[in-house]
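Spelled out from the first residue to the last, the chains are:
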Amino acid sequence: MKRVLITGAAGFLGSHLCDRFIKEGYHVIGMDNLLTGDLGNIEHLFPLNEFEFHYHDVTKFVHVPGQLDYILHFASPASPIDYLQMPIQTMKVGALGTHNLLGLAKEKGARMLVASTSEVYGDPLVHPQVEEYWGNVNPIGPRGVYDEAKRFLEAITMAYHTYHGVETRIIRIFNTYGPRMRVNDGRVLPAFFSQAIRGEGLTVFGDGSQTRSFCYVDDLVEGIYRLLLSDYHMPVNIGNPDEVTIKEFGEEVLALVGNPDAKLIYKDLPKDDPKKRKPNITKAKEILGWEPKVDRAEGLRRTYEYFKTVVKPKTTTV
Ligand code: UDP
C-alpha cells in the first residue's frame, strides 16, 4: 500500500485530498496544527485503518515513521483575512514548513507536490495568466506575506529538485470553492452564502468589477491527482477559466438562495486586491489531459447544499 502524507489535512482542500487518496487505495497520514483547519472535515476518516492523524505544526521539525511515497504540502492560512491576522504563521508555513517537508521528502525518497497559488502572479499585468509570467507582487503589502511565502515555496522546491534530485511537483491553484470552506474565513464565497442565507447585505468590495475565475473543488482535486502522478516538475496552473465579476457572482448567489431580505451592498476595496484573475490552462490540458467539468451553476448548487447545513437563517426573537 502506498503511503501519502497530506499537510493541512483538516482544511478545505486537505480534507478533500484525504478523501480522494483513501478512495484510490492509499494509506493517508493527515497532518495539521488546526490553526485554520477543522477536525470536523476529517472526522469521518478516523475510524478507518487506512487513515491516521498527526497533530503537528510543520514549521517545526517533521518526523513520520516508516515509508513515505508522496507528500502533499497543503498547510497554510489561505484567505486574505487569515493572512492579515496571522502574517508570521503564514510566512513560516510557506517557508520553514516547506523546507522541513522537502527535507523529509529527500530523506524518504518521496515525491513531493507543493500547493502554490495564483497569488504568485500578484495583481497581474498579463491576462489570462500563463505559467511563464513572473507576476506583479507587492512584497510589503498586506498580501505580501502569503505571496512571497508561496514564491519562496516554489523557489526552494525547484532548488531541492535541481540540487538534491528530489521529485517535485508545483501546482498553482486559482480560486477554488465547494463544501467545507470555512464559513467565516472572509473569502467571497463563504461571505456571500452566509450573508444571503441570513438575509443580510452581500458585501461587495469596491464596485465589484474585479474578476475571479472559480473552480469547483472536485475538479481541482482531479488536477492535483493527475499532476502528482505525471512526470512534469514545472509549475502548472489548475483552475477554471470561466471568469466572472464579483458583482455578477453576488447576483448569482442572490438568485440561488432567493432570500428577499438579502441584497448587494458595497464596501471599500482592500489594498492590492487583484483587479482580474483567470488561468490559462493550456499546460494542464496538454500535459495532464485535464480540464474542469463542473460549471459554476452546478458547483454553486452543490456548495449551497453544504452552506445550508452550517449557516442558519436569522430567526426573529419575540
Ligand atoms: N470580496 C468581496 N466581498 C467579500 C469578500 C471578498 O467583494 O466579502 C472580493 C475581494 O475583494 C476579491 C474577490 O472578492 O476581489 C475574491 O476575494 P477572496 O477573499 O475570496 O480571495 P482572493 O481571490 O482575493 O484571494
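For the structure itself, consult the block above.
Residues numbered from 1 in each chain as written. Predicted model: local features only at pLDDT ≥ 70, side-chain atom pairs only at ≥ 80, totals over all residues. Heavy atoms only, no water.

Visitor: How should I be thinking about the overall build of the protein in this particular structure?
Guide: When helices and strands are counted, the protein shows nine helices and 13 strands. Over its C-alpha atoms the protein spans a radius of gyration of 19 Å, differing by no more than 12% from the 20 Å that the globule rule assigns to 318 residues. Each of the three principal axes of the protein carries a C-alpha extent, and together these read 60 × 45 × 35 Å. Across the protein, contacts joining residues at least 24 apart in sequence account for 81% of those joining residues at least 6 apart. Surface exposure of the protein reaches about 14,000 Å², of which carbon and sulfur atoms provide 54%. Charge centroids of the protein, computed over 37 positive and 40 negative side chains, lie 1 Å from each other. (Helix = DSSP H or I, 4+ residues; strand = E, 2+ residues; numbered from the N terminus. Rg over C-alpha atoms; globule rule 2.2 N^0.38 Å. Contact = heavy atoms within 4.5 Å. Areas by Shrake-Rupley, 256 points an atom, 1.4 Å probe, with all protein chains shown as cover. Lys, Arg positive; Asp, Glu negative; His and termini not counted. Charge placed at Lys NZ, Arg CZ, Asp CG, Glu CD.)

Visitor: Before we go on, may I ask you to explain the site of the ligand in this structure?
Guide: The local shell around the ligand holds 18 residues, among which Thr-203, Phe-205, Arg-212, Asp-273 and Arg-277 are the closest. For the ligand, a nitrogen atom lies 2.4 Å from a polar atom in the backbone of Thr-203. In the complex, the protein chains occlude 95% of the 520 Å² of accessible area that the ligand would expose alone. Looking at the shell around the ligand, the elements that each hand over two or more residues are helix 5 (188-198) and strand 8 (201-205). Tallied by class, residues from the shell around the ligand come to eight nonpolar, four polar and six charged. (Near = heavy atom within 4 Å. Polar contact = N/O pair within 3.5 Å; in protein donor to acceptor, adjacent residues only side chain to side chain. Nonpolar A, V, L, I, M, F, W, Y, C, P; charged D, E, K, R; others polar.)

Visitor: Looking at this structure, how should I read the sheet that holds strand 11 (residues 236-238)?
Guide: Note on sheets: strands pair through backbone hydrogen bonds, and any given pair is parallel or antiparallel. In spatial order, the strands read 3-2-1-4-5-6-11; together these seven strands make up an open sheet with parallel pairing. Edge positions in the sheet fall to strand 3 (51-55) and strand 11, since each has one partner strand and no second. Strand-to-strand twist across the sheet, computed as the mean angle between neighbouring axes with direction ignored, equals 20°. Across the face of the sheet, helix 3 (residues 87-108) comes into contact with strand 1 (3-7), strand 4 (70-73), strand 5 (111-117) and strand 6 (168-173) while running at roughly 180° to strand 4. Across the face of the sheet, helix 4 (residues 144-164) comes into contact with strand 4, strand 5 and strand 6 while running at roughly 155° to strand 5. (Pairing = 2+ DSSP bridges. Axes fitted to C-alpha atoms, helices over the stretch in contact; angles between N-to-C directions.)

Visitor: Got a minute to help me understand the pattern of salt bridges in this structure?
Guide: Pairs may arise between side chains of opposite charge once their charged atoms sit close together. Here the structure, examined in full by the defined rule, presents 26 salt bridges. Among the salt bridges present, the one from Asp-273 reaches Arg-143, with a minimum N-O distance of 3.6 Å. Of this pair, Asp-273 sits in the loop between strand 13 (263-267) and helix 8 (282-288) while Arg-143 sits in the loop between strand 5 and helix 4, and the two are 130 residues apart along the sequence. Taking relative accessible area as the criterion, Arg-143 reaches 10% and is therefore assigned buried. Between Arg-212 and Asp-273 there is a salt bridge, with the nearest N and O atoms lying 3.0 Å from each other. Placement of Arg-212 in strand 9 (residues 211-213) and of Asp-273 in the loop between strand 13 and helix 8 is noted, with a sequence separation of 61 residues between them. As far as burial versus exposure is concerned, Arg-212 and Asp-273 are alike and both buried. When salt bridges that share partners are traced, they join Glu-119, Arg-143, Arg-212, Asp-273 and Arg-277 into one network. (Salt bridge = Lys/Arg side-chain N within 4 Å of Asp/Glu carboxyl O. Buried < 20%, exposed > 50% of the residue type's maximum accessible area, 1.4 Å probe, protein only.)

Visitor: Could you clarify how one ought to interpret the environment of Gln-67 in this entry?
Guide: Its place among the elements puts Gln-67 in the loop between strand 3 and strand 4. For Gln-67, a relative accessible area of 42% puts it in the partly exposed group. The spacing of Gln-67 and Phe-46 is 21 residues in sequence and 21 Å in space, taken between C-alpha atoms. Apart from the residues lying within four places of it in its own chain, the contact partners of Gln-67 are Met-1, Lys-2 and Arg-3.

Visitor: Any chance you could explain the side chain of Arg-296 here in plain terms?
Guide: Secondary-structure assignment places Arg-296 in helix 9 (residues 296-310). Looking at Arg-296, its side chain comes within polar contact range of the side chain of Glu-252, at 2.8 Å. Beyond its immediate sequence surroundings of up to four residues, Arg-296 is in contact with Tyr-177, Phe-214, Asp-242, Val-244, Phe-249 and Glu-252.

Visitor: Is there a simple way to explain the environment of Ser-118 in this structure?
Guide: For Ser-118, the location among the structural elements is in the loop between strand 5 and helix 4. What makes Ser-118 buried here is its relative accessible area of 3%. A C-alpha to C-alpha distance of 7.7 Å links Ser-118 and Asn-237, two positions 119 residues apart in sequence. Excluding its chain neighbours within four sequence positions, the residues that come into contact with Ser-118 are Arg-172, Ile-173, Phe-174 and Arg-277.

Function-wise, these values are silent; they only describe arrangement.
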